Amino acid sequence: GGPEAMPAVTSRMSREKTLEMTCGYRFPRPVRVLIAKAGHDITEDDAYLAVKELRVLSSNENVRKVREHTQRICEQLGFAPGMIHDIKLAINEAHANIIEHAYGGKGNGEIIFRYFIFRDRLEILIKDFGKTASFNTIRVDRDLEGLEGSGLGVFLIRELMDKVEYKITPKVGTEVTLTKYLNA
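This structure is a prediction, so every number in the text was calculated from the model and none was measured. (Residues numbered from 1 in each chain as written. Predicted model: local features only at pLDDT ≥ 70, side-chain atom pairs only at ≥ 80, totals over all residues. Heavy atoms only, no water.)

Here's the deal with the pattern of salt bridges
The condition is simple: Should a side-chain nitrogen of Lys or Arg be within 4 Å of a carboxyl oxygen of Asp or Glu, the pair is scored as a salt bridge. Remark: exposure states derive from per-residue accessible area (1.4 Å probe, protein chains only) relative to the maximum for the residue type, with buried under 20%, exposed over 50%, and partly exposed in between.
One pass over the structure, following the stated rule, counts 6 salt bridges. A salt bridge links R121 to D120; the nearest nitrogen and oxygen atoms lie 2.8 Å apart. When the shortest N-O distance is used, the salt bridge between R121 and E123 registers 2.9 Å. E123 matches R121 in its accessibility class, with the two residues each being buried. Here the salt bridges share partners, and the residues they tie into one network are E53, R55, E110 and R114.

This is the structure in structure tokens:
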């Protein structure tokens, strides 16, 4: 880039710095750096096409807003109605878990829903800034019979999505990334 590219970079950097200062969270850069293993090519499927973001407070009134936003994105991507239902249900469960466990039912905590749109899939990163989850409380058991009391939401999310990844930060908050492939 020439001089005309500088204002856009400066503007993006300023937004990121402001978000880092206000939220205490470092956002991923818009460009993914991919390293291919020997003999493997990097394809267009490895880079996301767009990112959409929704920020809400941890109030129960926002659950419907998130579901509707998710539905619009899924419809634009061409997901089948049954898959859209599954994605919305998984996001609803993750959202409810954040409200209950990260924020203790209080409606003033921030939650970020970031939708990474790829050619072949949708990845939804959900980030909270509340009480940090523990790996011990996130059950990886895929057996419904083994669940007693809590853990059903996490089980349901894993069953509905193609891939679920948790990132627990040591100081504050939890990130969960839900992935659904278009042709799964």
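Read on, since the account is not over.
Structural notes on the packing of helix α2 (residues 63-77) against helix α3 (residues 81-102)
Threshold: Axis definition: a line fit to C-alpha positions, over the contact stretch in the case of helices; interaxial angles, taken between N-to-C directions, run 0 to 180 degrees. Strands are runs of DSSP state E lasting at least two residues, helices are runs of H or I lasting at least four, and both sets are numbered from the N terminus onward. In these notes the angle categories are as follows: under 35 degrees is roughly parallel, over 145 is roughly antiparallel, 65 to 115 is roughly perpendicular, and the rest is oblique. Left-handed describes a crossing in which the near helix is turned anticlockwise from the far one by less than a right angle; the clockwise case is right-handed. Should any heavy atoms of two residues lie within 4.5 Å, those residues are counted as being in contact. Under the grouping applied here, Gly and all other residues not named as nonpolar or charged are polar, the nonpolar ones being Ala, Val, Leu, Ile, Met, Phe, Trp, Tyr, Cys and Pro and the charged ones Asp, Glu, Lys and Arg.
Put simply, α2 and α3 touch, their axes get as near as 10 Å, and they point 150 degrees apart. Viewed along their axes, α2 and α3 adopt a mutual orientation that is roughly antiparallel. Pair α2 / α3 crosses with right-handed handedness. On the side of α2, the interface is formed by V63, V66, R67, T70, Q71, C74 and E75, while α3 contributes I84, I87, K88, I91, N92, H95 and I99. Taken together, the residues that form the contact of α2 with α3 break down as 7 nonpolar, 4 polar and 3 charged.

Let's talk about the confidence of the model for the protein
The predicted structure's coordinates, where accompanied by low pLDDT, should not be read in detail. To keep things clear, this is the line we draw: The predictor attaches a confidence to each residue, and that confidence, scored 0 to 100, is pLDDT.
Here the protein shows a mean pLDDT of 77. Residues at 70 or above account for 65%. Overall, residues 1-16 carries pLDDT values under 50, and its contacts beyond four positions in sequence, including any with other chains, amount to 4 contacts. pLDDT under 50 marks residues 22-37. Its contacts with residues more than four places away, or in other chains, come to 37 contacts.

Quick look at α3
What sets the pattern is the α-helix's 3.6 residues per turn: residues three or four places apart point alike. To be explicit about the condition: Any helix carries an expected span of 1.5 Å times its number of residues minus one.
Taking 1.5 Å as the rise per residue, α3 with 22 residues should run 32 Å; its terminal C-alpha atoms sit 31 Å apart, in good agreement. Just beyond α3, the residue with positive phi is G104, at close to 60 degrees.

Looking at the nonpolar core
For the record, the criterion: We define a nonpolar core as any set of buried Ala, Val, Leu, Ile, Met, Phe, Trp, Tyr and Cys residues linked to one another through side-chain atoms lying within 4.5 Å.
Counting 33 residues, the largest nonpolar core has I91, F113, I126 and L178 as the members making the most contacts within it. Within the residue set of this core, elements represented by two or more residues are β1 (50-57), α2, α3, β2 (110-117), β3 (121-128), α4 (152-160) and β5 (174-181). Among the elements that take part in this core, α3 stands out by supplying 9 residues, more than any other. Ignoring anything within four residues of it in the chain, the contact list for F113 reads K52, E53, L54, V56, V66, I91, H95, L125 and I126.

Observations regarding the side chain of N62
Counted only if it meets this: N or O atoms within 3.5 Å of each other form a polar contact, as long as, within protein, one can give a hydrogen and the other can take it, and as long as residues adjacent in sequence are counted only when both atoms are side-chain atoms.
For N62, the position within the fold is in the loop between β1 and α2. Since its relative accessible area comes to 16%, N62 is described here as buried. Here the side chain of N62 touches L57 through a polar contact of 3.0 Å, landing on its backbone oxygen. When sequence neighbours within four positions are dropped, the list of residues in contact with N62 reads V56, L57 and H95.

Some thoughts on the pairing of strand β4 (residues 163-168)
Filter applied, for reference: Note on pairing: DSSP must find at least two bridges between two strands before they are called paired.
Across 6 bridges, the pairing between β4 and β5 is antiparallel. When the bridges of β5 are listed, Y166 appears paired with V176.

What about the sheet that holds β2?
Reading across from one edge, β1-β2-β3-β5-β4 is the order of the 5 strands in this open sheet, with antiparallel pairing throughout. The sheet is open, and its two borders are formed by β1 and β4, each paired with just one other strand. Taking the axes of each pair of neighbouring strands and ignoring which way they run, one obtains an average angle of 15 degrees across the sheet. With 8 bridges joining them, β1 and β2 adopt antiparallel strand pairing. Among the inter-strand pairings, E53 is bridged to a residue of β2, identified as R114. Docked against the sheet, α3 engages β1, β2, β3 and β5, running at close to 10 degrees with respect to β3.

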